[in-house]
Amino acid sequence: MNAPQVPLFDIAAENQSIRHELIRALTQVVDSGRFLHGPDVTALEEELAAFCEVPSAVGCASGSDALLLSLLAFGIGPGDEVIVPSFTFFATASCVARVGARIVFADIDPATYQIAPQSVAELMGPDTRAIIPVHLFGAPAPLDELLELTEGKPIRVIEDAAQAIGARSRGRRVGGIADVGCFSFYPTKNMGGLGDGGMLTTPDPDLADRLRLFAAHGMRPRYYHSVIGVNSRLDSLQAAALRIKLRQLPRWNAARRVRAARYGQWIEQAGLREHITTPTVDPADESVWNQYTVRVHRGQRDALRQYLAERGVATEVYYPVPLHRQACFRGGNVRWHRLAETERAAGEVLSLPVFPTMTDAQQQYVVDSLREFFSGVSRRRESA
Ligand SMILES: *Cc1c(COP(=O)(O)O)cnc(C)c1O
């Protein structure tokens, strides 16, 4: 099988420009012997907090753990309800099931794919203890509207910022706006580590302290456990690599932004707007384009995907099966009302390649391939 001409992402190419720095930093950690709680972990926490313009950051083992730790620190459990979108990665909802609370699935805005405040308002009830909006595909969720809904109520807002490090909602960095922000350093995120890693951000120093307690077995002082926490640490090796990546992040996010803008122009110029809808981002917000996700009209999504694959253009469907349809939640502690836009999006969305080292030639090839596919579709329609 030939390697795709345009991959969905190119982590190795991204790392190439910082390879020497990475190896030097990793070597230092190896030589220090401090693989946990090393100075790079504290330094990264401080640097990431500064980057996100938020007072506190706490490292942990993954984005999934960050979400779980938030719910643990807020004491959310059986009898409580947590509202999450159904159109997201599994971890946004599985943490709720893990702590024994009920998952309440909200629908999305069909233009942005973000959780719809209207749907959240309909689902909020006396047992609602938290909402987890996801900054999906790198674009901010409608936090202001959600915070207005929860104002004065005992409901926490947990930002799932795993896909959106560096994005801005009305000028503010995501992760620092609501009660707590959850970040992931999974390799395909905008700031990917050399393995798993995660971070929690919060404006509340007391909450930061509580998150730290829960991430360290609830142990303080040593061998005295006040709460039942978990073991979730960010390794020193990861932190050392991520500090180098954080310095590149503004440049990499800017490169993604250029690619996204160009897709919009080129798809328009190619006359493809009747076939695909390009992504919508609120003009007051700034996406960091973890994904460039289009909506494909008239049931052509899977045929287009197949065609692009044959031409060596990698694509992905995020997400083909909404979470409320997952086998593991069937008959479980879940509820929802109407998820029509979620169902429709699952059948129509397609994420095209977008990554910092993508070249003009690669991107042109993707758009040319789109044009070729749809000129064939138009011909088939006319002759039918
Ligand atoms: C990647 C991701 C996570 C989980 O992050 P991990 O570090 O892989 O555990 C959570 N939520 C969303 C929306 C994600 O995309």
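Residues numbered from 1 in each chain as written. Predicted model: local features only at pLDDT ≥ 70, side-chain atom pairs only at ≥ 80, totals over all residues. Heavy atoms only, no water.

A.B. asks: Please clarify how the overall build of the protein should be interpreted in this entry.
C.D. replies: When its secondary structure is counted, the protein shows 12 helices and 14 strands. For a compact globule of 384 residues, the expected C-alpha radius of gyration is about 21 Å, and the protein comes in at 21 Å, within 12% of that figure. Projected onto its principal axes, the C-alpha coordinates of the protein cover approximately 75 × 55 × 40 Å. Within the protein, the fraction of its 384 residues that count as buried is 54%. For the protein, contacts bridging at least 24 residues in sequence account for 72% of all contacts bridging at least 6. Only carbon and sulfur atoms are counted for the fraction: they give 51% of the accessible area of the protein, which is about 16600 Å². (Helix = DSSP H or I, 4+ residues; strand = E, 2+ residues; numbered from the N terminus. Rg over C-alpha atoms; globule rule 2.2 N^0.38 Å. Buried < 20%, exposed > 50% of the residue type's maximum accessible area, 1.4 Å probe, protein only. Contact = heavy atoms within 4.5 Å. Areas by Shrake-Rupley, 256 points an atom, 1.4 Å probe, with all protein chains shown as cover.)

A.B. asks: Explain the environment of Leu147 to me, please; I cannot follow it from the model alone.
C.D. replies: Inspection of the secondary structure assignment puts Leu147 in helix H7 (residues 143–150). C-alpha of Leu147 to C-alpha of Thr277: the two residues are 130 residues apart in sequence and 29 Å apart in space. Discounting residues that sit within four places of it in the chain, Leu147 has contacts with Val157, Ile177 and Ala178.

A.B. asks: What exactly am I supposed to notice about helix H10 (residues 301–310) here?
C.D. replies: Because each turn of an α-helix spans 3.6 residues, side chains separated by three or four positions in sequence point in the same direction. Along H10, the positions that sit buried rather than exposed are Arg301, Leu304 and Leu308. One face of H10 carries all of its buried residues, which in axial projection span an arc of 65 degrees. Opposite the buried face of H10, by more than 90 degrees, sit the exposed residues Asp302 and Glu310. Tucked inside the fold, the buried residues of H10 contact strand E12 (292–296), helix H11 (340–348), strand E14 (349–352) and helix H12 (360–383). At the C-terminal side of H10, Gly312 shows a positive phi close to 85 degrees. (Arc of directions from axis to C-beta.)

A.B. asks: For this particular structure, what's the right way to read the domain arrangement of the protein?
C.D. replies: One frequent convention defines the size of an interface as the accessible area lost when the parts assemble. Taken domain by domain, the protein consists of domain 1 (11–244) and domain 2 (249–383). Spacing between the C-alpha centres of domain 1 and domain 2 amounts to 26 Å. Contact residues are listed per partner, giving 48 residues for domain 1 and 43 residues for domain 2. Here domain 1 packs against domain 2, burying approximately 3800 Å² in sum over the two surfaces, 57% of which is carbon and sulfur. (Domains from an automatic or database assignment. Buried area = accessible area lost by both parts, 1.4 Å probe.)

A.B. asks: Help me understand the sheet that holds strand E10 (residues 276–277), please; the structure alone is not making it clear to me.
C.D. replies: Sheet strands line up and pair through hydrogen bonds in the backbone, either parallel or antiparallel. Strand order across the open sheet formed by 3 strands is E10-E12-E14, with antiparallel pairing between neighbours. Looking along the sheet, the strands with just one partner apiece sit at the ends: E10 and E14. (Pairing = 2+ DSSP bridges.)

A.B. asks: Explain the side chain of Gln248 to me, please; I cannot follow it from the model alone.
C.D. replies: On the secondary structure map, Gln248 appears in helix H9 (residues 236–269). Look at Gln248 and you get buried, because its relative accessible area is 13%. A distance of 2.5 Å separates a polar atom in the side chain of Gln248 from a polar atom in the side chain of Arg251. (Polar contact = N/O pair within 3.5 Å; in protein donor to acceptor, adjacent residues only side chain to side chain.)

A.B. asks: I tried to follow the pattern of salt bridges on my own but got confused; where do I start?
C.D. replies: Two side chains with opposite charge may pair up if their charged atoms get near one another. For the structure on display, the rule yields 27 salt bridges. The salt bridge involving Glu21 is made with Arg247; its shortest N-O contact spans 3.8 Å. With Glu21 in helix H2 (residues 19–32) and Arg247 in helix H9, this pair connects stretches of sequence that are 226 residues apart. You can call Glu21 partly exposed: its relative accessible area is 27%. One salt-bridge network, held together by shared partners, links Asp144, Arg170, Arg172, Asp282 and Asp285. (Salt bridge = Lys/Arg side-chain N within 4 Å of Asp/Glu carboxyl O.)

A.B. asks: For this particular structure, what's the right way to read the site of the ligand?
C.D. replies: Around the ligand, the structure places 16 residues, and the nearest of them are Gly63, Ser64, Asp160, Ser184 and Lys189. One of the side-chain N or O atoms of Asp160 is found 2.8 Å from a nitrogen atom in the ligand. At 2.8 Å from an oxygen atom of the ligand is found a side-chain nitrogen or oxygen belonging to Gln163. The protein chains hide 93% of the 380 Å² of surface that the ligand would expose on its own. Of all the elements in the fold, those that place two or more residues in the shell around the ligand are helix H4 (63–73) and helix H5 (91–98). (Near = heavy atom within 4 Å.)

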